[in-house]
Amino acid sequence: MAVLKVKFTKTKRDKLAQILWILNWISVVSGIILFSLGLFLKIEIKKRNEVMAKGDINSVPNMLISVGVIACIINFLGGKICYDCSDANKFSRWKLVMLPYIVCTFCFTFCILVGALMCYTMRNELEESLYLGLRDAIKFYKDTDIPGRCFLKKTVDLLQIGFRCCGNNGFRDWFEIQWVSPRYLNMASKEVLDRLKSNVDGKFLVDGVPFSCCNPSSPRPCIQYQLTNNSAHYNYDFLTEELNIWMKGCREALLDYYTGIMRSIGIAALLIWLFELSVLIGVRYLQTAMKNVLLLGDLEGESDGWLLENSFVETAKYNINVIKNLGKANQISTVSDMNDPNINVQNTDCDKTNIATKSIPAAR
């Protein structure tokens, strides 16, 4: 029994073909949108590539870019097919192509759905990448004279100013590393030498942060050094002071920024998936309706269209059997043997006469 069978007149078939032709061209535009969204996300990730560890964070934008390009090609071909389906004679050239086209398009729409879901499942990978990348960037903040690292100070400062954040998890991350370059340390100062000697690794650690952590909205001048020493500053309490420096860590700030972008892209991809799926359903109805018209032989008459020729269970069983028999192409099918009338049939003499076998006389 056919699933969701609908009867089509010639007028309905022509209108369906015209509507699908327009929708396929709209789908080409949606493919361009997917490509643009993937490219935008890729560029945004590349902008902060210095503070991200190497990983699979580019899988989502690459997926969207690829799906967008394929969408343009598939929907352009679908528009041509639907335009020709308004004429039964032109449909004949696409008759054998439409079913494989529908199967490929179904797989393609599934890829759009996967891309949309990946936008929501990428958060963990992105968080780990940001954590490791920011950790290394902060660690090498002081290396302004080393090639390959000299740009990190500027990168981290611009990041903290632009996203109003400080450190990786928070401003206390700066307390655990030496972020002041040795070239700016006065080695003749007893205080500097005492700090270097007091640390096991010989690092100059201070309870201070770079200037880029300062909050310009603070009513008082920024306090960068001796943040935990209340007696070093007038009318200051580091436990309650919140306006002096940024409290949020840059990992959290960047994660919120990229999560917002990916949620928007995910919603757009889901809407495009629903639209592509509806177009695919229409193409399936058009294909079955036109196929039945040719079988009936009356090009002006009515014909049935459906999503599946058999029920879901029968279709599933049929496809499972096809998959099971894919590797048995060189083997003899028992089902075909049972239905083959030429199997187990005794040979008969064509002359319909019994010829006695004569023995060959022995040589004398």
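Only a predicted model underlies this, so the values are computations on that prediction, with no experimental measurement involved.

Calculation criteria
- Residues numbered from 1 in each chain as written.
- Predicted model: local features only at pLDDT ≥ 70, side-chain atom pairs only at ≥ 80, totals over all residues.
- Heavy atoms only, no water.
- Helix = DSSP H or I, 4+ residues; strand = E, 2+ residues; numbered from the N terminus.
- Buried < 20%, exposed > 50% of the residue type's maximum accessible area, 1.4 Å probe, protein only.
- Contact = heavy atoms within 4.5 Å.
- Areas by Shrake-Rupley, 256 points an atom, 1.4 Å probe, with all protein chains shown as cover.
- Axes fitted to C-alpha atoms, helices over the stretch in contact; angles between N-to-C directions.
- Parallel < 35°, antiparallel > 145°, perpendicular 65-115°, else oblique.
- Left-handed = near helix turned anticlockwise from the far one by under 90°.
- Nonpolar A, V, L, I, M, F, W, Y, C, P; charged D, E, K, R; others polar.
- Disulfide = S-S within 2.5 Å.
- Core = buried A, V, L, I, M, F, W, Y, C linked by side-chain atoms within 4.5 Å.
- Domains from an automatic or database assignment.
- UniProt positions renumbered as here; feature names shortened; annotations may be inferred.
- Phe/Tyr/Trp six-rings, centres within 6.5 Å; stacked < 30°, edge-to-face > 60°.
- Salt bridge = Lys/Arg side-chain N within 4 Å of Asp/Glu carboxyl O.
- Expected span 1.5 Å × (residues − 1).
- Arc of directions from axis to C-beta.
- Patch = residues over 30% accessible without salt bridge, like charges linked within 9 Å, V, L, I, M, F, W, Y side chains within 5 Å.

Peer 1: Go over the overall build of the chain, please, and point to the residues and values.
Peer 2: If you tally the helices and strands in the chain, you get 9 helices and 2 strands. Secondary structure of the chain in N-to-C order comes out as β-α-α-α-α-α-α-α-β-α-α. Taken over 364 residues, the chain has a buried fraction of 38%. Contacts in the chain between residues at least 24 apart in sequence constitute 74% of all its contacts with a sequence separation of at least 6. Summed over its atoms, the accessible surface of the chain is roughly 22,700 Å², and 60% of this surface lies on carbon and sulfur atoms.

Peer 1: Would you mind going over the packing of helix α1 (residues 10-47) against helix α2 (residues 59-84) in detail, with residue names and values included?
Peer 2: Their axes nearest at 7 Å, the elements α1 and α2 cross at an angle of 165°. In this view, α1 runs roughly antiparallel relative to α2, as classed from their interaxial angle. Classified by chirality, the crossing of α2 by α1 is left-handed. Residues of the contact of α1 with α2, tallied by class, amount to 22 nonpolar, 9 polar and 1 charged.

Peer 1: Give me the state of the cysteines: which residues, what numbers.
Peer 2: By definition, a disulfide is the covalent link that joins the sulfur atoms of two cysteine residues. On inspection of all chains with the given rule, the structure shows 3 disulfides. Each sulfur of the disulfide joining Cys166 and Cys213 lies 2.1 Å from the other. Given an S-S torsion of about 85°, the disulfide between Cys166 and Cys213 has right-handed geometry. Within this pair, whereas Cys166 is found in the loop between α5 (152-163) and α6 (190-198), its partner Cys213 is found in the loop between α6 and α7 (250-296), the two being separated by 47 residues in sequence.

Peer 1: An account of the nonpolar core is needed here, citing residue identities and associated values.
Peer 2: Counting 78 residues, the largest nonpolar core has Leu126, Trp174, Val209, Leu227, Leu254, Val283 and Leu286 as its most contacted members. Looking at this core, the elements with two or more residues in it are α1, α2, α3 (88-121), α4 (123-139), α5, α6 and α7. When we break this core down by domain, the ones giving at least three residues each are domain 1 (2-137 + 252-319) and domain 2 (171-247). Contact partners of Val209, with chain neighbours within four places excluded, come to Cys166, Phe171, Trp174, Phe175, Trp179, Gln224, Leu227 and Ile245.

Peer 1: Describe the UniProt feature "transmembrane region" (unreviewed entry) in the chain, naming the residues involved and giving the relevant values.
Peer 2: In this structure's numbering, the residues bearing the UniProt feature "transmembrane region" (unreviewed entry) are residues 20-40, 60-78, 98-120 and 265-286. Across residues 20-40, the secondary structure splits into 100% helix and 0% strand, with the terminal C-alpha atoms separated by 30 Å. In residues 60-78, the share of helix is 100% and the share of strand is 0%. The end C-alpha atoms are 26 Å apart.

Peer 1: I'd like to hear about the packing of aromatic side chains, residue by residue, with values.
Peer 2: Scanning the model with the defined rule gives 10 aromatic pairs in all. Taking the centre distance of 5.3 Å and the plane angle of 80° together, the rings of Phe163 and Tyr257 count as edge-to-face. Of the two residues, Phe163 is situated in helix α5 and Tyr257 in helix α7; the sequence distance between them amounts to 94 residues. Overall, Tyr257 belongs to the partly exposed group, its relative accessible area being 29%.

Peer 1: Tell me about the packing of α5 against α7, and name the residues and values.
Peer 2: For the pair α5 and α7, interaxial distance at closest approach is 10 Å and the crossing angle is 65°. When the axes of α5 and α7 are compared, the crossing they make is left-handed. Taking contact as the criterion, the partners of Leu159, Gln160 and Phe163 in α5 are, on α7, Cys250, Ala253, Leu254 and Tyr257.

Peer 1: Talk me through the pattern of salt bridges; I want residue IDs and the actual numbers.
Peer 2: Per the counting criterion, the structure on display carries 11 salt bridges. Between Asp136 and Arg135 there is a salt bridge, with its nearest N and O atoms 3.6 Å apart. Note on Asp136: relative accessible area 31%, which makes it partly exposed. Notably, a salt bridge pairs Lys248 with Asp256, separated by 3.8 Å at the nearest N-O pair. The partly exposed category is assigned to Lys248, whose relative accessible area is 35%. Via salt bridges that share partners, Glu44, Lys47 and Arg48 belong to a single interconnected network.

Peer 1: Tell me about the environment of Ile22, and name the residues and values.
Peer 2: Structurally, Ile22 can be placed in helix α1. Expressed as a C-alpha distance, the spacing of Ile22 and Tyr83, which sit 61 residues apart in the sequence, is 9.0 Å.

Peer 1: Please set out α5 residue by residue, giving values where relevant.
Peer 2: The end-to-end C-alpha distance of α5 is 16 Å, a good match for the 16 Å that 12 residues give at a rise of 1.5 Å each. Of all the residues in α5, the buried ones are Leu152, Val156, Asp157, Leu159, Gln160 and Phe163. Down the axis, α5 shows its buried residues gathered within 160° of arc, on one side only. Across from the buried face of α5, at angles greater than 90 degrees, the exposed residues are Lys154, Leu158 and Gly162. The secondary structure elements touched by the buried residues of α5 are α4 and α7. Phi for Arg164, located one or two positions after α5, is positive at around 55°.

Peer 1: How would you explain a nonpolar patch on the surface if you had to name every residue and give the values?
Peer 2: Together, Trp21, Ile22, Trp25, Ile26, Phe76 and Tyr83 make up an exposed nonpolar region whose accessible area comes to about 620 Å². Looking at the nonpolar patch element by element, the count peaks at 4 residues for α1. One can find Ile26 in helix α1.

Peer 1: Please set out the side chain of Ser27 residue by residue, giving values where relevant.
Peer 2: Mapping Ser27 onto the fold places it in helix α1. The exposure class assigned to Ser27 is buried, which follows from its relative accessible area of 0%.

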